[in-house]
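Listed below, chain by chain, are the residues.
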Amino acid sequence: MPLARNLADATIVITGASSGIGTATAYSLARCGSTVVLAARTEPALREVARHCRELGGRTLVVPTDVTDADAMRRLAATAVAEFGRIDAWINNAAVGTIGLFDEIPVAEFRRVLDVNLLGTANGIRAALPHLSAAGGGVVVNNASVLAEVAMPYQSPYNAAKHGVRGLSDTVRQELRATGRGSVSICTVLPATIDTPFFRHAANHSGRQVLPPPPVYPPEVVAETIVRLLRRPRREAYAGGAARLIGMQWRLAPALAERVLGWYGRYTQFGPPPTADTTGNVFRADAAATAEGGWHGRRRQLVRMSAAFGLAAAGTAVGTVAALARRLTR
């Protein structure tokens, strides 16, 4: 595949490029010499990201786009091809969130999270496929979160959407192979908690300040994972060691892991100050061209919390082996 070794001449579309993981990925690709086509709702932020990408050595194109608009996504793809002649990769990264109990989240917000996070990804894949095939192959990377594999309380629409993204990725991958279009790779990245503006921008109906549950990794961890997938595609990749450990616990002992993560989510996602309800950036564009969210203090818990997850994973494995041994001896 033309993208498997060299990104210097690649044209890559990134949705959700105006902040967070999208911004960090754009910077990483610009350092590789890639041409990055930046899409999001906030044009001023996109132009600031584009300016820095050019300083890093990449070519850029800014195309303000709402991923929920399928026609706009097709125009995004057509604009990239008209400007640069081809698309070699497409990164579906745009996401919004709303925090609160399932039965207290407004229906309109729940639907909007699904529209952006799941249908926006579907719109991206649909827009990218014909151009990737025309280029002789390429890569789609879907940012799904570790919450595509596990679940965290107070994030029901986000959990549902990200589980859908993972299932969609698997299905499209199967269909491409079955129809002889295996030159297009569909990859899914599953990050742990990342230090981005996401938690400040999320809608909030919890009555408390929203905090990222530690350990919190810098956005560059995900950007580097995405770059590796573009160079050497594979079906899935975790970003952040905690994501891999949580996923392993969920597979080995799902009922126990569900209870532990339920407790963990309840006590780590919220700060003490009371907070009024807000719709965040679910319906309105709000980005400031920053990759990081300013959660440096919670990053310092990374080593301690990773060790705790490691011990929990070991305990889960021991418990699972013991349970299997008891069954075999009956």
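Reading guide: rules and limits
Residues numbered from 1 in each chain as written. Predicted model: local features only at pLDDT ≥ 70, side-chain atom pairs only at ≥ 80, totals over all residues. Heavy atoms only, no water. Salt bridge = Lys/Arg side-chain N within 4 Å of Asp/Glu carboxyl O. Helix = DSSP H or I, 4+ residues; strand = E, 2+ residues; numbered from the N terminus. Buried < 20%, exposed > 50% of the residue type's maximum accessible area, 1.4 Å probe, protein only. Core = buried A, V, L, I, M, F, W, Y, C linked by side-chain atoms within 4.5 Å. Contact = heavy atoms within 4.5 Å. Phe/Tyr/Trp six-rings, centres within 6.5 Å; stacked < 30°, edge-to-face > 60°.

Visitor: I'm lost on the pattern of salt bridges in this one. Help?
Guide: Once the charged atoms of two side chains with opposite charge are near each other, the side chains can pair. One pass over the structure, following the stated rule, counts ten salt bridges. Where Glu55 meets Arg51, a salt bridge forms, and the shortest distance between an N and an O atom there is 2.4 Å. Remark: Arg51 and Glu55 occur in helix H2 (residues 43-56); sequence separation between them is four residues, near one turn of the helix. Overall, the relative accessible area of 35% leaves Arg51 in the partly exposed class. Across the salt bridge formed by Arg166 and Glu236, the nearest N and O atoms sit 2.6 Å from each other. Taken together, the residues span a long stretch of sequence, with Arg166 in helix H5 (residues 156-178) and Glu236 in strand S10 (residues 236-239) at a distance of 70 residues. A relative accessible area of 14% places Glu236 in the buried class. Overlapping salt bridges, with partners in common, bring together Glu48, Arg51 and Glu55 in one network.

Visitor: Help me understand the nonpolar core in this model?
Guide: One broad trend across soluble globular proteins is that nonpolar side chains are buried collectively. Formed by 56 residues in total, the largest nonpolar core has its most connected members in Leu29, Val141 and Leu230. Counting residues in each nonpolar core, the second largest holds 29 residues, with Val37, Ala39, Met73 and Ala77 among its members.

Visitor: Please explain the side chain of Asn159 as it appears in this structure.
Guide: Position of Asn159 among the secondary structure elements: in helix H5. Not counting chain neighbours up to four residues away, the residues in contact with Asn159 comprise Leu147, Val150, Ala151 and Met152.

Visitor: Help me out: how do you make sense of the packing of aromatic side chains in this one?
Guide: Centre distance and the angle of the planes are the two values used to describe a pair of aromatic rings. Under the definition given, this model contains five aromatic pairs. Relative to Phe199, the ring of Phe198 has its centre 5.3 Å away and its plane inclined at 90°; by these criteria the two rings are edge-to-face. Overall, Phe199 belongs to the buried group, its relative accessible area being 11%. Ring pairs connect the aromatic residues Tyr158, Phe198 and Phe199, which therefore count as one cluster.

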